[in-house]
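# Structural characterization, general
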Amino acid sequence: MTRFHFDIREGSRFVPDPGGEELESLEAAKCHAVDLAAQIARDLALRPTGHVVIIEVCNEHKQRVLTLTVSLTIERPNAETQPHTPWGA
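Below: a short report on this structure. In every chain, residue numbers begin from 1 and rise along the written sequence. Confidence filtering applies because this is a predicted model: local features only for residues at pLDDT of at least 70, side-chain atom pairs given and counted only at 80 or more, and all residues used for totals across whole chains, interfaces and linings. For the side-chain quantities, the full set of heavy atoms in the structure was used; hydrogens and water were omitted.

### Digging into the nonpolar core
In this structure, Phe6, Ile40, Ile55, Val57 and Val70 are the most contacted members of the largest nonpolar core, which totals 15 residues. Numbering of helices and strands runs from the N terminus, with a helix taken as a DSSP run of H or I at least four residues long and a strand as a DSSP run of E at least two residues long. Ranked by the residues each element gives to this core, the list is headed by helix H1 (residues 26-44), at six residues. The residues contacting Ile55, other than those within four sequence positions of it, are Phe6, Asp7, Ile8, Ala33, Leu36, Ala37, Ile40, Leu66, Thr67, Leu68 and Val70. Nonpolar cores are built from buried Ala, Val, Leu, Ile, Met, Phe, Trp, Tyr and Cys residues. Side-chain atoms within 4.5 Å join them into one set. In this scheme, a residue with accessible area under 20% of its type's maximum is buried, one over 50% is exposed, and one in between is partly exposed, where area comes from a 1.4 Å probe on protein chains only. Contact definition: two residues touch when any of their heavy atoms are within 4.5 Å.

Structure below.
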């Protein structure tokens, strides 16, 4: 088992993961990071667009082994200028 840390960066804000997670492999760490990214994306949907969040996955030596970038942009087209589509607005 290897300890991986999932540090978060959002603009100038840095949130280190001091405890980390014991996982079996780098692939398991990637899956954990993707789950974390999905949670962050759900939270971003409630905020104004334009935020970028970076997840830095580091090993037990604090060496970065993966980086995931999460961003979410929600655009609402002007209903008066857009044609009607069967899947809604």
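Structure's up, so let's keep going.
### Here's the deal with the environment of Leu23
One can find Leu23 in strand E3 (residues 21-23). With 19 residues separating them along the chain, Leu23 and Phe4 place their C-alpha atoms 7.0 Å apart. Not counting residues within four places of it along the chain, the set of residues in contact with Leu23 comprises Met1, Thr2, Phe4, Phe6, Ala28, Ala29 and His32.

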